[in-house]
Amino acid sequence: MKKVGILGGGQLGRMLLQAAANYPVETFVMENDSECPAANLCHHFAKGDITKFEDVYAFGKGLDALTIEIESVNEAALEKLEAEGVLIYPKPAALKIIKNKILQKQFYKAQEIPTSEFVVTTSREALLQLTDFLPAAHKIGLGGYDGKGVELLRTSEDFSRGFDAPAILEKLVTIKKEIAVIIAVSNSGEIRLYPPVDMVFDSRLNLLDYQISPADLPQNLLWKVEAIARKVVKDLQSPGIFAVELFIDDKDNVLVNETAPRVHNSGHHTIEANYCSQFDMLWRIILGYPLGNTNHIFPAAIVNLLGADGFTGPAYYEGLQEVLQIENAFVHIYGKKETKPGRKMGHVTILSREKQELIHQANRVKFGLIVKSQ
Ligand SMILES: Nc1ncnc2c1ncn2[C@@H]1O[C@H](COP(=O)(O)OP(=O)(O)OP(=O)(O)O)[C@@H](O)[C@H]1O
Ligand SMILES: [Mg+2]
């Protein structure tokens, strides 16, 4: 049986392990917190720091393959492990490009992949020279996630919110729609796309509000989205699962926002709504089985369950009884001990052929299931 490790033990690791239970594979997880969401679902748990060379190297040595559930892992250790024959998903070379938003944007430019115009900034002070570039999004090079590490700057008064570290300043896009495409790439380079999803955002938290699969796109835009997303993964030259986030602007230009080289929040509905889920698919890739069917069985909506404002501490799920009575809703609680405002604590997928029904039930969940602390 192949031995496969996951760096990081959050909800993505947890859902990967739920899918792993159907395959002949021995699973290993490394994470700092031995009470993390994935700790009890793997065969072997190792406590360790995914950003430390020694920890990642010791964990990966002797495994057949390794994957990640977060980008901020020690890539030098992954490079060494790869050189010693451990298969890494995604390849460290691809991870290196994506992990740093500066390198990622430069990669799009070099490959002629459409993306919003940008400049690199090295300090907050450097922003002062860039008033002409406003309005813009300032994005920290390393370490951003879930909207943290992104500041929308409209006037020079907003420069105080800019990052005092290497970052990119990119022109603000007039967004008509945000789309995400999950893509599977096999070891031999075969590519399969999942149907694109519509992402609807909470502008205050800069976090996903809900999303609908498949996205409502006219054929010409669907082709553009698919062609561009396909080019991104082709140029990254790595097997694995990728999520390409794109903007459609007011003139119907399709621009790549960013890419994640791993399973992604925008693909959670694939567990119930598609023949082969993104998690199932990653195991097929890692274990060298044929790629699965990405088609959807049912249209779906996903609502993220975020920790409610004003509550920090042991999590309590108010309204869970009611939501579990919605017949077309599938509840996923991630098992995080502590909630805090905005923390991703779970998600609910709703299936229906009627878009109105999807949105209706998504709102019932969003307002009816509240993560508080006792
Ligand atoms: N150039 C831009 N123009 C307009 N809005 C933008 C721009 N860049 C980012 N945004 C908005 O900010 C959100 C978060 O940005 P981005 O996806 O780059 O950050 P992130 O922290 O990596 O997010 P996540 O981890 O949630 O995917 C985007 O989904 C979009 O709504
Ligand atoms: Mg994003």
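See the structure shown above.
Keep in mind the model is a prediction, meaning the values are calculated, not measured.

J.: Describe the pairing of strand β8 (residues 150-153), with residues and values.
T.: Every second residue of β8 is oriented toward a common face, the buried set being E151 and L153 and the non-buried set V150 and L152. Pairing analysis gives 4 bridges linking strand β7 (residues 136-140) to β8, with the strands arranged antiparallel. Within the sheet, the bridge partner assigned to K139 lies in β8 and is V150.

J.: Any chance you could break down unusual backbone geometry for me, citing the residues and the numbers?
T.: The phi angle of most residues is negative, glycine excepted, and most peptide bonds adopt the trans form. With an omega of 0°, the peptide bond running from Y89 to P90 counts as cis. Assignment of secondary structure puts P90 in the loop between β5 (87-89) and α4 (92-99). Of note in this structure, E112 is not a glycine but carries a positive phi near 60°. Here E112 is to be found in the loop between α5 (101-110) and β6 (118-121). The exposure class of E112 is exposed, given the 9 C-beta atoms found within 10 Å. One non-glycine residue, Q237, lies in positive phi territory at about 50°. The topology assignment puts Q237 in the loop between α7 (219-236) and β14 (240-249). Overall, the presence of 13 C-beta atoms within 10 Å leaves Q237 in the partly exposed class.

J.: Outline the site of ligand 1, listing residues and values.
T.: For ligand 1, the set of nearby residues contains 19 residues, the closest of which are A137, G147, V150, L172 and V173. For the shell around ligand 1, the residue count by class is 7 nonpolar, 6 polar and 6 charged. Mapping the shell around ligand 1 onto the domain boundaries places at least three of its residues in each of domain 2 (117-171) and domain 3 (175-373).

Quick notes on the rules
- What you see as residue numbers is a count from 1 along each chain, following the sequence as written.
- By the order in which they are written, chains take letters starting at A while ligands take numbers starting at 1.
- Given that this is a predicted model, residues contribute local features only at a pLDDT of at least 70 and side-chain atom pairs are listed and counted only at 80 or more, while totals for whole chains, interfaces and linings are drawn from all residues.
- Counting other C-beta atoms within 10 Å of its own, a residue is labelled buried from 20 upward, exposed at 12 or fewer, and partly exposed in the gap between, with every C-beta atom placed from the backbone.
- The helix and strand labels rest on DSSP assignments: H or I over at least four residues marks a helix, E over at least two residues marks a strand, and numbering proceeds from the N terminus.
- Between any two strands, pairing holds if DSSP finds at least two bridges.
- Here is the check we use: build the C-beta atom from the backbone, and if it is within 6 Å of the molecule or strand, call the residue near.
- Amino acid classes used here: Ala, Val, Leu, Ile, Met, Phe, Trp, Tyr, Cys and Pro are nonpolar; Asp, Glu, Lys and Arg are charged; the rest, including Gly, are polar.
- For the domains described, the bounds stem from an automatic or database domain assignment.

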